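# Summary of the model geometry
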Amino acid sequence: MTRVFQFIFGLAFAICLGMHPAIAVERPFDLTGTGTLQVMTDDNGQLSGGDLNASGTATHLGKWTQIGNLVFTFDQSKPDIIFASGDTTFTAANGDTLEAEIKNSELDTTTGISTGQFVFIGGTGRFQQAQGSADFTVTQDLNSGTFDVVAQGQIDY
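Presented here is a report on the structure given in the accompanying data block. (Residues numbered from 1 in each chain as written. Predicted model: local features only at pLDDT ≥ 70, side-chain atom pairs only at ≥ 80, totals over all residues. Heavy atoms only, no water.)

### Some details on the environment of F83
Stated formally: Put simply, DSSP marks the helices as runs of H or I at least four residues long and the strands as runs of E at least two long, and each gets a number from the N terminus on. Burial classes follow relative accessibility: with a 1.4 Å probe on protein chains only, a residue under 20% of its type's maximum area counts as buried, one over 50% as exposed, and anything between as partly exposed. Any pair of residues with heavy atoms lying within 4.5 Å of one another is described as a contacting pair.
Here F83 is to be found in strand 4 (residues 81–91). Judged by its relative accessible area of 17%, F83 is buried. With 21 residues separating them along the chain, F83 and N104 place their C-alpha atoms 7.4 Å apart. In contact with F83, other than residues within four places in its own chain, are V71, F72, T73, F74, D75, K78, S105 and E106.

### Brief notes about the sheet that holds strand 8 (residues 146–156)
What links the strands of a sheet is backbone hydrogen bonding, and the strands pair in either a parallel or an antiparallel sense. Formally: Any two strands with at least two DSSP-identified bridges between them are counted as paired. Axis lines are fitted to C-alpha atoms, over the contacting stretch for helices. Their N-to-C directions set the angle, which ranges from 0 to 180 degrees.
Spatial strand order, 1-2-3-4-5-6-7-8: eight strands in a closed barrel with antiparallel pairing. Geometrically, the sheet is characterised by an average inter-axis angle of 25 degrees between neighbouring strands, direction not taken into account. Where strand 7 (residues 131–140) meets strand 8, 10 bridges bridge the pair, whose relative direction is antiparallel. The residue of strand 8 that forms the bridge with S133 is Q154.

### Details of the pairing of strand 1 (residues 26–41)
A regular strand carries its side chains on alternate faces of the sheet. Note: strand 1 against strand 8, 11 bridges, orientation antiparallel. Paired with G35 across the bridge in strand 8 is F147. Alignment of strand 1 against strand 2 (residues 47–58), held across 11 bridges, turns out to be antiparallel. Across the sheet, the residue bridging to T34 is S55, located in strand 2. The antiparallel pairing of strand 1 with strand 2 creates a hairpin that spans five residues between the two strands, and G45 there sits at a positive phi of about 80 degrees.

This is the structure we're talking about:
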């Protein structure tokens, strides 16, 4: 009876080890791309936000596309800066999605340079439990709405 118990216990232990979820691994994340920002105004004609569409290449995504939205805020003590926050979805070459929040974004309207951070908050497929962040720099053409973006950071998935 003891051998049967040991066998069953050993088998159950081995099955439990096999069921252990994969551990997320922190990896470098690098992204480059181009896109457009369609600016929106409120009822008073003031800038209120925008919809963005972009594409490019990135580690872990391959060729990607992106859609997102931004909300603008202003600080009278910094009249040349537009602050932005929002949400965005990157779609990888294989169809997996990576969700991110756009945080701490500041656009200098005198230079067209914006900096900020993508904070990864999950997605689908291999990015379902993704976490991490990447600092970005956007060079914006304020007349046409087109932009170039580069980002570097870390991603766990």
